Amino acid sequence: MFQFLTKLTLNQRLALLAFVLGLVALAATPTRGSRVTVDSRQLALLVANGSDRVAARTLADWIIQGRSDFRLVDIRAPAAFAAGPHIPSAENIPVTALLDLGLARDEKILLVGDDDVAVAQAWFLLEAAGYAGAFIVDGGMAAWRDQVVYPRVDGVDAVVRAKLEAVSAHFGGAPRIGPAGGAPEAVSAATVAQAAPVVAKLLSGGAKKPAPAKKREGC
Amino acid sequence: MSDTQSSRAPAPYSNPYLAGIGLGLVLLAAFVFVGRGLGASGAVSAAVTAGLHTIAPDHAHSLEWLSGRLVGDQRPLKDWLVFEGLGVFLGALLSGLLARRAFVTVEKGPRVSTRARLAGAFAGGGLMAVGAALALGCTSGQALSGGALLNLGSWAFMMMVFAGAYAVAAFMKWQWR
Amino acid sequence: MMAPLLKYGVFGSETSLVVAFLIGLGFGFALERAGFGSARKLVSQFYLNDMAVFKVMFTAIITAMLGVTYLSWIGVLNLSLVYLVPTFLLPQVVGGLILGVGFVVGGYCPGTALAATATGRIDGVVFGIGLYAGTLLFAEAYPLLKPLHTATPMGQVTIPQYLNLPYGVVVFAVVLMAIGGFAGAGWVEKKMADSCQP
C-alpha cells in the first residue's frame, strides 16, 4: 500500500486525506453544548459555603446604588411576572431559555422567583453549565416583599429602622409592625427627614459603572 | 534569464490547496479562540459608522442601519473586525514582501487605460458593498465562515456569488485586454 | 478545556482584540500567498483559466469544516457558542448575485482588496474607496432597502438541520463534492490551457 501512496502527487495525497477525514466524519455527532460535566466536589463546597446566596436587602442596596455589574433574572412564568409586582431591573427569563441567552461566564447572575426549589434548581443548572457567577436571592420574591418592601420594624433600633424605612419607601412600600400581612405603619415626617441622609449615603456609595455595551457579532 | 534576474522576480504563487489549508486553519483558529468567523465587510461598515459619527453625528444616528452600532458607549472602531483588518493588512504585506510581490502598481490589462480600470474598481467596490450589506457578509464572512459551519444562507449566498460573477464576466473582459 | 475560549472566559475582550490582530495576520498572509492580492488572478477564475479562487475557498471551507466537526465531536468545541449568521434567504441570494457582479467588475472582494492595498495595488485602494461609498449609499438608502433586507428570515439554520440529515453525512457529502469539484477544476484549467496553445 505504501508504494501506492508514494506514487501519488501532493494534490492527490491531499485529496485522499480529505476523503478519509470526510469518511470518518460520517459518524460525527457534534456537541451543541447540552452535555455538562459537573465537578461534584467543588459544587458541594459551594453549597456548604453558602457564598452563592445574596440577601434580599443586599440586593435592594445594590439597586439603589445603581450598580449594573449584575443581571437580575426572575424565573417565574411570564403570567406571574406580569400579574404581580416584580423587582425593578429584573428580566423575566424562564429556566428553559436561560442557557440560550448567551450570558457571559463571568457575569453575575442573580436568580429570583417565588419557588425556592425552582430557583435552586436553576442555580444548579447554571453552575453545571459553567456559569460561575450564578447567585440565589435568599428567600426569593417572598423575602423581597417581607424584608425590603414591607419590612418589619418593631423592636428594631432607630438607625436600622430609618434605613429600612428609606429602602422600603424607595421601592414604593412601607414598613410594618407585626407579622407579614399586617397593616403598614404610616411613616411620620420626622422619620422621612431622618431617612433622607441615610438614602443619600446609600446613593453616594458604590461605584456606578456604565452598562457594558453588548458586543456585536458577525461580519 | 540571468541568475540575478530570476532571483528578483516575484515568487510563484503557493499551491492553492496548501494556501487553502492554511486559510482554513486560520478560520478554525477564529472559531476556537473567539467563536466567530473571519469577516471583512463588517470592518468597512464599522469604519463608515465611526467616520460619519465624527463628521455628522446627528446624521449618523438618524440612519437606521448604522445607529444600531452607536448604542450606548459603543465605539465602533474598537471592534474586533477592525483589529482583524489591521492584521490582514500587515499579514498580506509580509507575505508580499517575502515573495517580492509587493510593488505599487495598478492591476489591469496592457491595452486598457488606468482611469478605466480604476473606474471599474470603484464601481465594483460599490456594488460589492451593497451586496455584502444585504447578505450580512462578504466572501470571508459568509462564504468562508458560514460555509465551514454549513450555514444554509451562506451556501446559498456562495452559489449566487459564483453565478453572478460568471454571468457578468464576459462583459468585463475589457479590463484585462 | 472548552472552546470557544473567549466564551469560556479563558481571556477577556481586550485580549480578544490582540487575538483578532493575530488571526488577521494569518488571514492576510494566506490570502497573499495564494495570490489573492492580485485582481488579475482573482478574476482569472471567472475566465476559467485559473481556478485558484475555487480551490482555495473550498479547501479552506472543508479544512475548517472538518476541524469544527472533529473538535466538537470530541467535545472540545461547543458548536452552539460559535456564531452562526442568521439566514435571510432572499436578501442573501440577491446580495450574493450583486456581490458576484461586483467581484468581477472590481476584481476584488473586501478581504482581498485589503491584501492588495497592503501590497501596493492602487486598484485595490480604489476598490476600497468604492466599498466605503457603497456602504454609505446603502446606509442612506436603507429605508428603501429594509423590506428586502429583512425578508424571509429563517433564523440560525444549518444545512443538516434544514435537510434533516445527520451532521456527519452532510460533512462527508461536502467533502466529496469538493474533491469532485477540484478534479473538475483541474480538468477545466487543462482544457483552457490546451485550447490556448497555438
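Residues numbered from 1 in each chain as written. Chains lettered and ligands numbered in written order. Predicted model: local features only at pLDDT ≥ 70, side-chain atom pairs only at ≥ 80, totals over all residues.

**As for the overall build of chain A**
What counts here: Under the DSSP-based scheme used, a helix requires at least four consecutive residues in state H or I and a strand at least two consecutive residues in state E, with every element numbered from the N terminus. Exposure classes come from backbone-placed C-beta atoms, where a residue is buried if 20 or more other C-beta atoms lie within 10 Å of its own, exposed if 12 or fewer do, and partly exposed in between. We call two residues in contact if the C-beta atoms placed from their backbones are at most 7 Å apart.
When helices and strands are tallied, chain A shows 10 helices and five strands. Here chain A, with 219 residues, has 25% of them falling under the buried criterion. Look at the contacts in chain A between residues 6 or more apart in sequence, and 64% of them connect residues 24 or more apart.

**Details of the packing of helix 1 (residues 13–33) of chain C against helix 5 (residues 110–118) of chain C**
All names here are of chain C. Just so we agree on the cut-off: A fitted line through C-alpha atoms represents every axis, and for helices the fit uses only the stretch in contact; the resulting angles, taken between N-to-C directions, go from 0 to 180 degrees. We call two directions roughly parallel when the angle between them is under 35 degrees, roughly antiparallel when it is over 145, roughly perpendicular when it lies between 65 and 115, and oblique otherwise. Charged means Asp, Glu, Lys or Arg here, nonpolar means Ala, Val, Leu, Ile, Met, Phe, Trp, Tyr, Cys or Pro, and polar covers whatever is left, Gly included.
Here helix 1 crosses helix 5 at 80°, and the two axes come no closer than 10 Å. The angle between helix 1 and helix 5 falls in the class roughly perpendicular. Along the contact surface, helix 1 presents Gly28, Leu31 and Glu32, while helix 5 presents Gly111, Thr112, Ala115 and Ala118. For the contact of helix 1 with helix 5, the residue count by class is three nonpolar, three polar and one charged.

**Some words on the pairing of strand 4 (residues 108–112) of chain A**
Two faces make up the sheet, and in a regular strand the side chains alternate between them. As a reminder, the rule being used: Seen with its strands pointing away from the viewer, a crossover is right-handed when the path leading from the first strand over the helix to the second is clockwise.
Of all the five residues making up strand 4 of chain A, four are buried; the element is thus mostly covered by neighbouring parts of the structure. Between the parallel pair strand 4 of chain A and strand 5 (residues 134–137) of chain A, the chain is carried across by helix 7 (residues 116–128) of chain A, and the sense of this crossover is right-handed.

**Looking at the sheet that holds strand 1 (residues 53–54) of chain A**
Residues and elements named next belong to chain A. Applicable threshold: Only when DSSP finds a minimum of two bridges between them are two strands counted as paired.
The parallel open sheet is built from five strands, whose spatial order is 1-5-4-2-3. Each edge of the open sheet is held by one strand with a lone partner, namely strand 1 and strand 3 (90–92). Direction of pairing for strand 1 relative to strand 5: parallel, over a ladder of two bridges. Looking across to strand 5, one finds that arginine 53 is bridged to isoleucine 136.

**Side note on the nonpolar core**
Definition in use: Remark: nonpolar core denotes a set of buried Ala, Val, Leu, Ile, Met, Phe, Trp, Tyr and Cys residues whose joining runs through C-beta atoms within 7 Å.
Of all hydrophobic cores here, the largest spans 129 residues; its most connected members are Leu27 of chain B together with Met65 and Val171 of chain C. Not counting residues within four places of it along the chain, the set of residues in contact with leucine 27 of chain B comprises Gly37, Leu38, Leu144, Ser145 and Ala148 of chain B together with Ala60 and Ala64 of chain C. Counting residues in each nonpolar core, the second largest holds 33 residues, with Leu110, Tyr131, Ala134 and Val149 of chain A among its members.

**Re the pairing of strand 5 of chain A**
Residue and element names in this part refer to chain A. What you see with strand 5 is no split at all: Ala134 and Ile136 on one side and Phe135 and Val137 on the other are buried throughout. Of the pairings in the sheet, the one linking strand 4 to strand 5 comprises three bridges and is parallel in character. When the sheet's bridge partners are listed, isoleucine 109 is paired in strand 5 with alanine 134.

**What to know about unusual backbone geometry**
Although it is not a glycine, arginine 100 of chain B sits at a positive phi angle of roughly 55°. Secondary-structure assignment places arginine 100 of chain B in the loop between helix 6 (80–98) and helix 7 (114–135). Not every positive phi belongs to a glycine, and asparagine 164 of chain C is a case in point at roughly 55°. Note that asparagine 164 of chain C resides in the loop between helix 8 (159–163) and helix 9 (167–196).

**Some details on helix 7 of chain A**
Residues separated by three or four positions in an α-helix point in the same direction, a consequence of the helix having 3.6 residues per turn. Residues and elements named next belong to chain A. Selection criterion: The span one expects for a helix is its residue count, reduced by one, times 1.5 Å. Taken from the helix axis, the directions to the C-beta atoms give the arc we talk about.
Taking 1.5 Å of rise per residue, the 13 residues of helix 7 would be expected to cover 18 Å, and the 18 Å separating its terminal C-alpha atoms lies within 8% of that figure. Buried within helix 7 we find Val119, Ala122, Trp123, Leu126 and Glu127. Taken down its axis, helix 7 places every buried residue within 135° of arc, on the same side. In the segment just after helix 7, glycine 130 is the residue with positive phi, at about 100°.

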